[in-house]
Amino acid sequence: NAPGMDIERFVLEGPAGTVAVGREQGVGGGDGRAGRPGRRSQDFGWRHRAGAGAVRVLLRLVVVWVALCCAVAKPRREASSARLVLGLVVAPGVAARRRLGEGGPRGSAVPQLRAVGNTAIEKASFDETVAGAGVGQPAAGTDSRSRVREAAGRGSDGTPFLALSSLPFVQGLEAPADAAAFASLCRRTQAYVERCQASGASFIVDFEGEMPGHGGEVVTAAFLLTDAFDGASCSPKEVPKGSRRPWGLLFDLRNPECAQIVKEIMESTTIHKVMWGAHGDVQSLMYQQTPFPLAIHPAAVVDIQLAYSTQDRRMGMGRMLEKVPEWLLRDLPDKGQIDFDKFHALNRRAMPQPLQRSDADYAIDDLRRIEAILKSQMPPTGSYEEARSHTEQSIREIAEDKQGLKALEEKEKWFQKSNGKSGAKTKNMSRAVNILRHIQSLRFRGFPNMAIDLEKQALAVLPDDFIIPEDLSFYA
C-alpha cells in the first residue's frame, strides 16, 4: 500500500485508551505486554515456579507424543485437531485465538491475533481514524459529540470495514449524527481516495444489489486496498509476510454523496480496480436510473474472470474457489449464502436496507474471495493483461449498446433454457422478472414498445396480476 494510506493505523496503534487490534495480553495475568509476568506472579518462590515448570514440561512432552501418534495414524483432519490441542497446551490463552494457518505454504506467516471483537472496532471514530493517517483534522469548532462518527464492523473472517451512509445502512452500526457529520466524513474519505489516485493504488471491487444490469439496482459498493495485484504489470503480486489487513470501504449507493465518491474511484485511470464478473455491475453503473441516475463509466478495470473463461461462457466464482487452497478461505462462509432467486421471483429485495449484518458481511467477504484467487491462482498467460483487454472491450460494447439488447438476448436464452424444467420454477420466475425489469427500464428511459413478444412469454410464468411498477420499485 502507498505511504500515508494506512487508514486503520489509529485504531490498530491508537493513543492511550484505545484497544489495539492484534496486540496480545500477557499470559497468566500479566501487565498487558505479551510474555511479561504481572506483579502477582513475582510473589511466588523459585521452588514453586520450578515445580510448576517441570509439570508443564512433562505435560507438553506427553501431548507432543500423542500429537505425533495422531499425525501418523489418523487422517489430516484429525492431525489438525492434534496440532490445535498441542497449541492450546503450549500457549494457553494465546493459541486459542490464533488462526493456525494449517494448509498454507511452507514458511507462511501466522496471521496476527484478533484480540478485540466487533464492539471495540464499532466504537472507532472514522474521523479519528483518517486523521491518524495524516489525511485531515476535525473541522474547527466541532466537539466530541458532533465529530464525524463512522460505523465500523468486521466481515466474516475479521476484515474490518467502514460503512459510509447518511442513512441507517447496516443494522447495529451507527450512522453519522447529522448532515454536517456526514459531510465531514465524505471530505475525509475523499482525501483518502485522492491519495490512492496519486499513488496508483489497486483496489478489489465488488457491487451487490438486486439483479445488477439493465433494470436491476446495485445498492452497495465495496472496496479493499490490496497488495496482491500489480497495476503496472497487470499481474498477481506476492504479499509481503506480516502485512496488516487493510480496512474495507462499504458505500451506500442510495446517497448521492457516496455515489459521487464511487464514481471518482471507478472512473479514475490511476486507481486499478480488480473485479470478478463485472459486466452486470458495469451495466448498472452506466444506466441505472433509480433512485437517481448513476452515470458512472468505469476505467482501469480488470475483470479477472475473463482470464479463466470467456464473455459468452463465464466461470462462476463458486467453481473458481474450488481451486483455491482451503487455508485462504478459512472463516469465510459458502458463496451461496443468500438465495436471491427466492426474492427476485416475487420482485422483492433480497438485501433490504438497512442491511442485516450478514448481508454487509457478504459484500465484504466477496472482496476477500477475489483476493484469495489473486493470491493463489496464476492466470494461464502469466498475467491479467489479456483479461484487461477483454474487460476494456466489454465496457466499450456496453457503452455502445445503450438499450442492452445483447444482454436481453442472453437473458432470453437462459430463460428459454430453464422454462418448463422440473425443479426450476423459482429460477425461471426470477429470470422472467429480470427480463420484465429490463424491458420496463427501457420504457422508463424513453424506449417504448421493446421486446413485446418476450414480455408476454415472461409474464406467462408469473401470477396473472403480476406487474413491474413503472418506477422500477420492488414489492415489500
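It should be emphasised that the depicted structure is a prediction, and the values quoted were computed from it without experimental measurement. (Residues numbered from 1 in each chain as written. Predicted model: local features only at pLDDT ≥ 70, side-chain atom pairs only at ≥ 80, totals over all residues. Heavy atoms only, no water.)

Across its full length, the chain carries 15 helices and nine strands. Looking at the chain as a whole, 46% of its 476 residues are labelled buried. Counting contacts in the chain only where the partners sit at least 6 residues apart, residues at least 24 apart contribute 73% of the total. For the chain, the exposed surface amounts to about 23500 Å²; the carbon and sulfur share of it is 53%. (Helix = DSSP H or I, 4+ residues; strand = E, 2+ residues; numbered from the N terminus. Buried < 20%, exposed > 50% of the residue type's maximum accessible area, 1.4 Å probe, protein only. Contact = heavy atoms within 4.5 Å. Areas by Shrake-Rupley, 256 points an atom, 1.4 Å probe, with all protein chains shown as cover.)

For the rest of this paragraph, the subject is the environment of lysine 335. Along the chain, the position of lysine 335 falls in the loop between helix 9 (317-321) and helix 10 (340-344). Separated by 34 residues in sequence, lysine 335 and arginine 369 place their C-alpha atoms 8.8 Å apart. Apart from the residues within four sequence positions on either side, lysine 335 is in contact with Met317, Tyr362, Asp366 and Arg369.

This brings us to the layout of surface pockets. The calculated volume of the largest pocket comes to roughly 2000 Å³. Taken together, 48 residues make up the lining of the largest pocket; nearest its centre are Pro212, Gly277, His279, Gly280 and Arg314. Among the residues forming the lining of the largest pocket, the class breakdown is 14 nonpolar, 16 polar and 18 charged. (1 Å grid on protein atoms, 1.4 Å probe; cavity = no way out; pocket = protein on both sides within 12 Å on 5 of 7 lines; lining within 4 Å. Points joined across faces, edges and corners; volume = space filled by probe spheres on them. Nonpolar A, V, L, I, M, F, W, Y, C, P; charged D, E, K, R; others polar.)

Residues threonine 290 and proline 291 are joined by a peptide bond in cis, for which omega reads 0°. The omega torsion of the bond from glutamine 353 to proline 354 falls at 5°, within 30 degrees of zero and hence cis. Structurally, proline 354 is set in the loop between helix 10 and helix 11 (357-376). One non-glycine residue, aspartate 331, lies in the positive phi region at around 75°. Structurally, the position occupied by aspartate 331 is in the loop between helix 9 and helix 10. Although it is not a glycine, asparagine 449 sits at a positive phi angle of roughly 55°. Within the fold, asparagine 449 resides in the loop between helix 14 (425-444) and helix 15 (452-460). The class of asparagine 449 is exposed, set by a relative accessible area of 63%.

With that settled, consider the state of the cysteines. Tallying each qualifying case throughout the model produces zero disulfides. Looking at cysteine 186, it has no disulfide partner, and the nearest cysteine sulfur is the one in cysteine 258, 5.3 Å off. Cysteine 186 sits in the buried class, given a relative accessible area of 10%. (Disulfide = S-S within 2.5 Å.)

Let us look at the pairing of strand 4 (residues 217-225). Along any regular strand the residues' side chains alternate between the sheet's two faces. With nine of its nine residues buried, strand 4 lies for the most part within the structure. Summarising the sheet, strand 3 (residues 202-210) and strand 4 pair through eight bridges and their orientation is antiparallel. Following the sheet pairing, isoleucine 204 is matched in strand 4 by leucine 224. (Pairing = 2+ DSSP bridges.)

One pass over the full model with this rule turns up three cavities of 30 Å³ or more. Size it by volume and the largest cavity reaches roughly 90 Å³. Along the walls of the largest cavity sit Gly213, His214, Gly215, Gly216, Tyr287, Gln288, Gln289, Thr290, Ser441, Arg445 and Leu472, which together make up its complete lining.

Applying the stated criterion across every chain, the model contains eight aromatic pairs. An angle of 80° between the planes, with centres 6.4 Å apart, marks the rings of phenylalanine 207 and phenylalanine 223 as edge-to-face. One end of the pair, phenylalanine 207, is in strand 3; the other, phenylalanine 223, is in strand 4, and 16 residues separate them in sequence. Aromatic rings pair up to connect Phe203, Phe207, Phe223 and Phe251 into one cluster. Positioned above the aromatic ring of phenylalanine 474, the side-chain terminus of arginine 437 is 3.9 Å from the ring centre. (Phe/Tyr/Trp six-rings, centres within 6.5 Å; stacked < 30°, edge-to-face > 60°. Lys NZ or Arg CZ within 6 Å of the ring centre and 35° of its normal.)

Quick look at the confidence of the model for the chain now. Residues with a pLDDT of 70 or more make up 70% of the chain, whose mean pLDDT is 77. Of the regions scoring below 50 in pLDDT, residues 1-49 engages in 78 contacts with residues more than four places distant in sequence or in other chains. pLDDT under 50 marks residues 74-150. Its contacts with residues more than four places away, or in other chains, come to 133 contacts. (pLDDT = per-residue confidence, 0-100.)

For aspartate 303, the position within the fold is in strand 9 (residues 301-303). With relative accessibility at 2%, the residue aspartate 303 sits in the buried group. Aspartate 303 has contacts with Met275, Trp276, Gly277, Ala278, His279, Arg314, Ala387 and Thr391, leaving out every residue within four places of it along the chain.

Counting buried positions along strand 3 gives nine out of nine residues, so the element sits mostly inside the fold. Two elements, strand 3 and strand 8 (residues 272-275), share three bridges in a ladder whose sense is parallel. Looking at strand 8, one finds that serine 202 is bridged to histidine 272.

This part is about the pattern of salt bridges. What the rule picks out here adds up to 12 salt bridges. A salt bridge links aspartate 366 to arginine 369; the nearest nitrogen and oxygen atoms lie 2.7 Å apart. Here aspartate 366 and its partner arginine 369 are both found in helix 11, three residues apart, which amounts to about one turn of the helix. A salt bridge links glutamate 455 to arginine 443, with the nearest nitrogen and oxygen atoms 2.7 Å apart. (Salt bridge = Lys/Arg side-chain N within 4 Å of Asp/Glu carboxyl O.)

Another aspect to go through is the side chain of serine 383. With respect to the element layout, serine 383 can be found in the loop between helix 11 and helix 12 (385-400). Engagement of the side chain of serine 383 in a polar contact is seen with the backbone nitrogen of glutamate 385, the distance being 3.2 Å. Look past the residues within four positions of serine 383 in its chain and what remains in contact with it is Ser233, Cys234 and Ser235. (Polar contact = N/O pair within 3.5 Å; in protein donor to acceptor, adjacent residues only side chain to side chain.)

Our focus in this paragraph is a positive patch on the surface. Taken together, Arg313, Arg319, Lys323, Lys417 and Lys421 make up a surface patch of like positive charges. Relative to the helices and strands, arginine 313 is located in the loop between strand 9 and helix 9. Its relative accessible area of 69% is what places arginine 313 among the exposed residues. (Patch = residues over 30% accessible without salt bridge, like charges linked within 9 Å, V, L, I, M, F, W, Y side chains within 5 Å. Lys, Arg positive; Asp, Glu negative; His and termini not counted. Charge placed at Lys NZ, Arg CZ, Asp CG, Glu CD.)

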